[in-house]
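Here is how the chains run, residue by residue.
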Amino acid sequence: AQSVTQLGSHVSVSEGALVLLRCNYSSSVPPYLFWYVQYPNQGLQLLLKYTTGATLVKGINGFEAEFKKSETSFHLTKPSAHMSDAAEYFCAVSDWVTGFQKLVFGTGTRLLVSP
Amino acid sequence: NAGVTQTPKFQVLKTGQSMTLQCAQDMNHNSMYWYRQDPGMGLRLIYYSASEGTTDKGEVPNGYNVSRLNKREFSLRLESAAPSQTSVYFCASSVTGTLGTEAFFGQGTRLTVV
């Protein structure tokens, strides 16, 4: 079965600093990978996804992620953090079982942004 | 656009009580899902419905039942609630269950079982 590991349950940055959230995947087949964001008391919203093609994927709110097969990684980055980026971020991978896709989520990383 | 709507948003149950969590989507999606979110464990799939008329177990189905009432609605039932079912429950939907398809989430139901 496919899985993802998110390193660091909490990441703290200052406003304007680089954001780096780490995700490593385990997959026996070419993976389809996702990053979702959850703002307080809300549901999950898709930030970006990698299916095939370009390995650098751009998403909403200035986030991007790079698929690196050699490192089995899909880390999320943003050059300059904003206070509004404070949220929980989930990496997910597609698991294909009995002809149906199920998303398998990591444990999440809470991003804290200080002034 | 309403997207995925869940009711209720909050609920407190006593151990042994039953309840049904409701979910409806207005995006004409074929596939629907129920997840639970617990601290440090991310989201875990309870049940899913690939299409109208079908339901299947996910990773943590014990203690739950589901009904795909029609294409729009997918409900989750707790027959006899237990404290271990205290969690935040999310309903989601997607166009299909094909690889790479994104899921759209509701705002969640926060359930406490005392």
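Before any of the text, the structure's been laid out above.
The residue count restarts for each chain, going from 1 along the sequence in the order it is written. For this description, chains carry letters from A and ligands carry numbers from 1, given in the order in which they are written. In keeping with the model being predicted, local features are shown solely for residues with a pLDDT of at least 70 and side-chain atom pairs are shown and tallied solely at 80 or more, while totals for entire chains, interfaces and linings include all residues. Note: side-chain values were computed over all heavy atoms of the structure, leaving out hydrogens and water.

Right, let's get into the overall build of chain B. The number of helices and strands found in chain B is zero helices and 11 strands. Taken from the N to the C terminus, the helices and strands of chain B come in the order β-β-β-β-β-β-β-β-β-β-β. We compute the radius of gyration from the C-alpha atoms alone; for a globule the expected value is 2.2 Å times N to the 0.38, where N is the number of residues. Over its C-alpha trace chain B gives a radius of gyration of 13 Å, about what one expects of a compact globule, namely 13 Å for 114 residues. Taking the principal axes of its C-alpha atoms as reference, chain B extends roughly 40 × 25 × 25 Å. Burial analysis of chain B (114 residues in total) assigns 48% to the buried set. Pairs at least 24 residues apart make up 55% of the contacts formed inside chain B by residues separated by at least 6 positions. The helix and strand labels rest on DSSP assignments: H or I over at least four residues marks a helix, E over at least two residues marks a strand, and numbering proceeds from the N terminus. Accessible area is worked out with a 1.4 Å probe on protein chains only. A residue is then buried under 20% of its type maximum, exposed over 50%, and partly exposed in between. In this description, contact between two residues means that some pair of their heavy atoms is separated by no more than 4.5 Å.

Contact with chain A, which involves 23 residues of that partner, is made by 23 residues of chain B. Buried area is understood as the total, over both parts, of accessible area removed when two parts are fitted together, assessed with a 1.4 Å probe. Taken together, both faces of the contact between chain A and chain B bury some 1,900 Å²; the carbon and sulfur share is 60%. One side-chain nitrogen of Lys or Arg within 4 Å of one carboxyl oxygen of Asp or Glu is enough to make a salt bridge. Here chain A and chain B share zero salt bridges between them. Definition of a polar contact: a pair of N or O atoms within 3.5 Å, with one able to donate and the other able to accept a hydrogen when the atoms are protein atoms, and with sequence-neighbouring residues admitted only if both atoms are side-chain atoms. For the pair chain A and chain B, the number of links is seven residue pairs in polar contact (both at pLDDT 80 or more). Of all the secondary structure elements, the ones that give two or more residues to the side of chain A that touches chain B are strand E4 (33-38), strand E5 (44-50), strand E9 (87-97) and strand E10 (100-105) of chain A. Sort the elements by how many residues they give to the side of chain A that touches chain B and E10 of chain A lands first, with five residues.

On to the packing of aromatic side chains, then. Given two aromatic rings, their pairing is described by the distance between the two centres and the angle made by the two planes. Only Phe, Tyr and Trp rings are paired, with Trp represented by its six-membered ring, and only when their centres lie within 6.5 Å; those with planes under 30 degrees apart are stacked, over 60 edge-to-face, the remainder tilted. What the rule picks out here adds up to 16 aromatic pairs over all chains. With a centroid separation of 5.9 Å and 35 degrees between ring planes, the pair formed by Phe100 of chain A and Tyr33 of chain B is classed as tilted. In this pair, Phe100 of chain A is assigned in strand E10 and Tyr33 of chain B in strand E4 (residues 31-38), connecting two distinct chains. The exposure classification of Phe100 of chain A matches that of Tyr33 of chain B, with both residues buried. Each member of the aromatic cluster is reached from another via a ring pair, and the members are Phe34, Tyr36, Phe90, Phe100 and Phe105 of chain A together with Tyr33, Tyr35, Tyr48, Phe90 and Phe105 of chain B.

Time to look at the sheet that holds strand E1 (residues 4-7) of chain B. All names here are of chain B. The four strands lie next to each other as E1-E3-E8-E7, forming an open sheet whose pairing is antiparallel. With partners counted over all chains shown, the strands left at the sheet margins are E1 and strand E7 (64-68), one partner each. For this sheet, the mean inter-axis angle between neighbouring strands, taken without regard to orientation, is 15 degrees. Strand direction decides the pairing type here: E1 and strand E3 (residues 19-25), joined by four bridges, are antiparallel. Bridging from a neighbouring strand, Val4 pairs with Gln25 of E3. DSSP-based pairing: two strands are paired if at least 2 bridges between them are found. A fitted line through C-alpha atoms represents every axis, and for helices the fit uses only the stretch in contact; the resulting angles, taken between N-to-C directions, go from 0 to 180 degrees.

All names here are of chain A. Sulfur atoms of two cysteines make up a disulfide when they are within 2.5 Å. Within the structure shown, the criterion is met by two disulfides over all chains. At a sulfur-sulfur separation of 2.0 Å, the disulfide partner of Cys23 is Cys91. Torsion about the S-S bond of the Cys23 and Cys91 cystine: about -65 degrees, corresponding to left-handed handedness. Of this pair, Cys23 sits in strand E3 (residues 19-26) while Cys91 sits in strand E9; the two residues are 68 residues apart in sequence, bridging distant segments of the chain. We classify Cys23 as buried; its relative accessible area is 0%.

With that settled, consider the nonpolar core. Residue and element names in this part refer to chain A. Counting residues in hydrophobic clusters, the biggest one holds 27 residues, and the most contacted among them are Trp35, Leu76 and Tyr89. Contributing elements (two or more residues each) for this core: strand E2 (10-14), E3, E4, E5, strand E7 (64-68), strand E8 (73-78), E9 and strand E11 (109-114). Setting aside anything within four residues of it in sequence, one finds Tyr89 in contact with Gln6, Leu21, Trp35, Tyr36, Val37, Leu47, Phe63, Leu76, Gly108, Thr109 and Leu111. We call a set of buried Ala, Val, Leu, Ile, Met, Phe, Trp, Tyr and Cys residues a nonpolar core when their side-chain atoms join them within 4.5 Å.

Attention now moves to empty space enclosed by the protein. Buried and open spaces are told apart on a 1 Å grid over the protein atoms alone, a cavity being a set of points where a 1.4 Å probe fits but cannot get out and a pocket being an open set with protein on both sides within 12 Å along at least five of seven lines. Residues with an atom within 4 Å of a point are the lining residues. Grid points are joined across faces, edges and corners, and a volume is the space filled by probe spheres set on the points. Within the structure shown, the criterion is met by two cavities of 30 Å³ or more. Looking at the largest cavity, its volume works out to about 40 Å³. Taken together, Val29, Pro30, Pro31, Tyr32, Ser94 and Trp96 of chain A together with Leu99 of chain B form the lining of the largest cavity. By residue class, the composition of the lining of the largest cavity is six nonpolar, one polar and no charged. There is about 30 Å³ of room inside the second largest cavity. Every residue along the wall of the second largest cavity is listed here: Gln101, Lys102 and Leu103 of chain A together with Tyr33, Tyr35, Thr101, Glu102 and Ala103 of chain B. Those elements that place two or more of their residues in the lining of the second largest cavity are E10 of chain A together with E4 of chain B. Ranked by the residues each element gives to the lining of the second largest cavity, the list is headed by E10 of chain A, at three residues. Classifying every residue of the lining of the second largest cavity gives four nonpolar, two polar and two charged. Three residue categories are used. Nonpolar comprises Ala, Val, Leu, Ile, Met, Phe, Trp, Tyr, Cys and Pro, charged comprises Asp, Glu, Lys and Arg, and polar comprises the others, including Gly.

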